[in-house]
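# Inside the fold
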Amino acid sequence: MESIVVLKNVTKVIKGRTIIDNINFQVNKGEVFGFLGPNGAGKTTTIRMIVGLMGITSGDITIGGSSIKTDFEAAVSHIGAIVENPEMYKFLTGYQNLVHYARMSKGITKEKIAETVELVGLKDRINDKVKTYSLGMRQRLGLAQCLLHDPDVLILDEPTNGLDPAGIREIRDYVRLLAREKNMAVIVSSHLLSEMEMMCDRIGIIQNGQLIDVQQVKEFVSSTDTLFELEVTPGETAIKLMQSSYPDVRTSLSKNGITVQVPKGEIPKLVKMLAAEDLQIYGIKETAKTLEDRFLEVTGKKEEASRD
């Protein structure tokens, strides 16, 4: 796959404090790249540097082969972005807003505006004033604004913030459509793990300004030991037994009993141990590990390493 956004040894220092610490990654055409991390980890700072809203202390960012530091205009011409919340003229209609933004770029026709409005699903409301729009509709109008000049890269910072489940699903579907149909590289930053899992092809995890890992979502979720749910009572007793016999195994209470993360070959031993203590075991099932499970594992290990 062809890389279109490349970060090389990017560092940002503010007032002597390193906010972003020597991060490296690339984003390819046609993929949705998730930038994942807790609030304050450095996601928005990195995005601000990519779009040129914040200077780079050291390193470089290239977009479509052009450096954001030395050829800013050429680099940002490839980008459409919503950083934090899209700002609109609420006293104008959605269409009037798009016409206004279209004047900032060359060659945007009325036909292109109509095509973009159709793409984001605002055809029926585009002539209404923005002050009558729901938050989800304003997000879609912001997306239309980003797409008017046919960017190669779309950057969305926390695009689902404040949206209801229907609005979140709409944004997710549009993002997948753009990557697939337009061969667009999409960078999405979020702390909503479940949404990133459904939306992204790859994810990069950032914590305390450092890029911890970059992996395919499926590989990242399926790596390491398997997660099993044991339907067992009482669950609290099972947890205590697990913690004393398997102190290094990740164990937690679940709705029906406990979950354990172990190699499959260990399950018969666990069952024997629990049965020997007269616990009632009603079933065992393998469960799909979520992105949240892996995220907590990886960031937890990183914190432990930093304390050692």
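Bear in mind the structure is a predicted one, so any value in this text is a computation, not a measurement. The numbering scheme is per chain: residues are counted from 1 as the chain's sequence reads. Residues qualify for local features only when their pLDDT is at least 70, as the model is predicted, and side-chain atom pairs are given and counted only at 80 or more; totals for whole chains, interfaces and linings, by contrast, use all residues. Side-chain figures throughout are based on the complete set of non-hydrogen atoms in the structure, without hydrogens or water.

### Topic: the confidence of the model for the protein
Regions with low pLDDT carry predicted coordinates that are not meant to be interpreted in detail. Think of pLDDT as the predictor's per-residue confidence, scored from 0 to 100. This prediction gives the protein a mean pLDDT of 85; 91% of its residues lie at or above 70. The weakest mean pLDDT in the protein belongs to helix H11 (residues 291-307) at 59; the strongest belongs to strand S4 (residues 58-63) at 96. Contact definition: two residues touch when any of their heavy atoms are within 4.5 Å. Within the model, pLDDT remains below 50 along residues 304-308, and this stretch shows 0 contacts once partners closer than five positions in the same chain are excluded. Counting from the N terminus, the helices are DSSP H or I runs at least four residues long and the strands are E runs at least two residues long.

### Remarks on the side chain of Arg172
Checked against the element boundaries, Arg172 lands in helix H6 (residues 165-182). Setting aside residues no more than four positions away along its own chain, Arg172 makes contact with Glu195, Met198 and Met199.

### Observations regarding the state of the cysteines
When the sulfur atoms of two cysteines come within 2.5 Å, that pair is taken as a disulfide. Inspection of the entire model under this criterion finds 0 disulfides. Note on Cys146: no disulfide assigned, nearest cysteine sulfur contributed by Cys200 at a separation of 17 Å. Accessibility expressed as a relative area gives 3% for Cys146, which makes it buried. Buried means the residue's accessible area, taken with a 1.4 Å probe over protein chains only, is under 20% of the maximum for its type, while exposed means over 50%, and partly exposed covers the values in between.

### Digging into the environment of Val175
Looking at the secondary structure, you find Val175 in helix H6. Considered as a pair, Val175 and Val262 are 87 residues apart in the sequence and their alpha carbons are 35 Å apart. Not counting the four nearest positions on each side in its chain, Val175 is found in contact with Val32, Leu156, Val186, Val188 and Met199.

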